[in-house]
Amino acid sequence: MIKGITNNFKQPISYTFCESSTKRYDLANQITNVLRAVHLSGLKAVGTICDQGTTNTAAINILINDTKAFYLRQNQKYNDTFYEIDCGIERIKVVHLYDSPHLLKGIRNNLLSKNLMFTINGHQREACWKDIVDLYELDSVTQDIKMLPRLTREHVIPGEVKKMKVKNASQVFSQRVSSILSFLSSKNIMNQKAEDTAILCLFFDKVVDGKIFRTAVKPNSPHHQLWRESLKVLDTMYFVYPVSKERSKPQPSTLKNWVKTIKGLPKCLKAAEKFSDKYLDSKIIGCMTPAAAIFTKLQLRETKNSPKGRRFTLEEKLLCLSLYKQSTKSYQLLSKLFILLARKTLSTLLSQIPSSFISTENDSEKFVRE
């Protein structure tokens, strides 16, 4: 499935049949073929995304290793935040991300049996799932006045947690759970160490589902600061055994994939900017004549709008009027090929201009420039 970054659309484009799971080399080949087809269609693929399935991860590693080998042959530096696909004429660079809700689920599943160590604001913390269980049991004493009515045994009790449900994990790592846990800890109603678990819940709530993500990502938006700060915390995370406090071996791949995903997000957006209006202004439209620039911007902006929803600036109206004055028949042909003002609208606009003001073709062009 492909999904737009700047435009809200998604479209299934490929499916396959297999017995048991798809082999990693077959999946890597399918990803390559799909990306080539997408590129040939005119769409610009800047990233791919999947969950942490073993086959998915192995297929992406194959593509990354192939790209690394290519860079070594070219004697160029390479970092593993992207892979490249050879499309014949050119090689396209693709950033791979992991689905953040599934990454959150991976943190929850590991936290059920291990503690999570992390450093935030210069202080080392230790989050423990037992704090979540204690909070749930304390909140369940009186059913009619529960502080956390959404939490059930399927969310909290280790033996009853539905490990495949992403929703249950996101409801635990929430601002509400964090605030209540922090308050009870500060009042000594719960263990003071529970403050660490509250901080972890709030951290992942901001990273995955905070209020900041209700606004669009822009070059100067606060998302970038959040990602930079999140990386500092994620780099310090590791799981330990609750009793011995020794690092678990091996460390879950979820932590590493979190770092890759956060690092990859700005790279995806930077790649997408190359195809934005700003990129066109600086690289293409900036080299055009003023009239050609106005015409090109008009076509790019109004193509996605319905005829009744189109709006024209004064400069665009004057440009259309100039074309209309040159030749009405040519203007009629151009109107069939491009987005221009209707002839009726132009006639109305022309009637509002004194005939003595525009008497010759040179005067007309001067009027448009002014």
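Residues numbered from 1 in each chain as written. Predicted model: local features only at pLDDT ≥ 70, side-chain atom pairs only at ≥ 80, totals over all residues. Heavy atoms only, no water.

1. What to know about the pattern of salt bridges
Inference 1: Per the counting criterion, the structure on display carries 8 salt bridges.
Inference 2: Note that Lys162 and Glu154 form a salt bridge whose closest N and O atoms lie 3.6 Å from each other.
Inference 3: Judged by relative accessible area, Lys162 falls into the partly exposed class, the value being 40%.
Inference 4: The partly exposed category is assigned to Glu154, whose relative accessible area is 31%.
Inference 5: A salt bridge links Glu302 to Arg301; the nearest nitrogen and oxygen atoms lie 2.8 Å apart.
Inference 6: Taking the relative accessible area as the measure of exposure, Glu302 reaches 3% and is therefore buried.
Inference 7: Beyond isolated ion pairs, a larger network of salt bridges with shared partners links Arg301, Glu302 and Glu316. (Salt bridge = Lys/Arg side-chain N within 4 Å of Asp/Glu carboxyl O. Buried < 20%, exposed > 50% of the residue type's maximum accessible area, 1.4 Å probe, protein only.)

2. Topic: helix α3 (residues 100-111)
Inference 1: With 12 residues, α3 ought to run about 16 Å at 1.5 Å a step, and its terminal C-alpha atoms sit 17 Å apart, in line with that.
Inference 2: Among the residues making up α3, those that are buried are Leu103, Leu104, Lys105, Gly106, Ile107, Arg108, Asn110 and Leu111. (Helix = DSSP H or I, 4+ residues; strand = E, 2+ residues; numbered from the N terminus. Expected span 1.5 Å × (residues − 1).)

3. Things to note about the packing of aromatic side chains
Inference 1: For the coordinates displayed, the defined rule picks out 10 aromatic pairs.
Inference 2: Geometrically, the ring pair formed by Tyr71 and Phe82 is edge-to-face, given 5.9 Å between the ring centres and 70° between the ring planes. Of this pair, Tyr71 sits in helix α2 (residues 54-73) while Phe82 sits in strand β4 (residues 82-86); the two residues are 11 residues apart in sequence, bridging distant segments of the chain. There is no split in this pair, since Tyr71 and Phe82 are both buried.
Inference 3: When the ring of Phe204 is compared with that of Trp258, the centres are 5.5 Å apart and the planes differ by 45°; the resulting orientation is tilted. With a gap of 54 residues between them, Phe204 in helix α8 (residues 194-209) and Trp258 in helix α10 (residues 253-273) connect regions that are remote in the sequence.
Inference 4: An aromatic cluster is defined as three or more aromatic residues linked by ring pairs; in this entry it consists of Phe70, Tyr71, Tyr78 and Phe82.
Inference 5: Above the face of the Phe239 ring, Lys114 is positioned so that its terminal group lies 6.0 Å from the ring centre. (Phe/Tyr/Trp six-rings, centres within 6.5 Å; stacked < 30°, edge-to-face > 60°. Lys NZ or Arg CZ within 6 Å of the ring centre and 35° of its normal.)

4. Focus: the sheet that holds strand β7 (residues 123-127)
Inference 1: As summarised here, the arrangement of the 3 strands in space is β7-β6-β8, forming an open sheet in which the pairing is antiparallel. What marks the edges here is a single partner per strand, and that holds for β7 and β8 (238-240). In this sheet, adjacent strand axes meet at a mean angle of 30° when their direction is disregarded.
Inference 2: The sheet contact formed by strand β6 (residues 115-120) and β7 spans 5 bridges and is antiparallel. In the strand pairing of β7, Met117 is matched with Glu126. (Pairing = 2+ DSSP bridges. Axes fitted to C-alpha atoms, helices over the stretch in contact; angles between N-to-C directions.)

5. A short note on the packing of α8 against helix α9 (residues 223-234)
Inference 1: Between α8 and α9, the shortest axis-to-axis distance is 11 Å and the interhelical angle comes to 140°. Overall, the two elements α8 and α9 adopt an arrangement that is oblique. Here the hand of the crossing between α8 and α9 comes out left-handed. Across the interface between the two elements, Phe203, Phe204, Lys206 and Val207 of α8 pack against Leu226, Ser230, Val233 and Leu234 of α9.
Inference 2: For the contact of α8 with α9, the class distribution of residues is 6 nonpolar, 1 polar and 1 charged. (Parallel < 35°, antiparallel > 145°, perpendicular 65-115°, else oblique. Left-handed = near helix turned anticlockwise from the far one by under 90°. Contact = heavy atoms within 4.5 Å. Nonpolar A, V, L, I, M, F, W, Y, C, P; charged D, E, K, R; others polar.)

6. Let's talk about a positive patch on the surface
Inference 1: The grouping of Lys93, Lys263, Lys267, Lys270 and Lys274 at the surface amounts to a positive patch.
Inference 2: For Lys274, the position within the fold is in the loop between α10 and α11 (277-283).
Inference 3: Of the residues examined, Lys274 reaches a relative accessible area of 48% and is grouped as partly exposed. (Patch = residues over 30% accessible without salt bridge, like charges linked within 9 Å, V, L, I, M, F, W, Y side chains within 5 Å. Areas by Shrake-Rupley, 256 points an atom, 1.4 Å probe, with all protein chains shown as cover. Lys, Arg positive; Asp, Glu negative; His and termini not counted. Charge placed at Lys NZ, Arg CZ, Asp CG, Glu CD.)

7. Points about a nonpolar patch on the surface
Inference 1: A grouping of Leu138, Val141 and Ile189 is seen on the molecular surface, where their side chains present a nonpolar patch of about 280 Å² in accessible area.
Inference 2: Mapping Leu138 onto the fold places it in helix α4 (residues 129-139).

8. What about the nonpolar core?
Inference 1: Grouped together as the largest cluster of nonpolar side chains are 46 residues, with contacts concentrated most on Leu116, Leu200, Phe204, Met237 and Trp258.
Inference 2: Contributions of two or more residues to this core are made by α3, β6, α4, α7 (175-186), α8, α9 and α10.
Inference 3: Element by element, the count of residues in this core is highest for α8, at 8 residues.
Inference 4: Look past the residues within four positions of Trp258 in its chain and what remains in contact with it is Ser100, Leu103, Leu104, Ile107, Phe204, Val207, Val208 and Leu234.
Inference 5: Judged by nonpolar contacts, the second largest core, of 20 residues, contains Ile62, Ile64, Ile85 and Leu97. (Core = buried A, V, L, I, M, F, W, Y, C linked by side-chain atoms within 4.5 Å.)

Taken by themselves, the reported measurements are silent on function.
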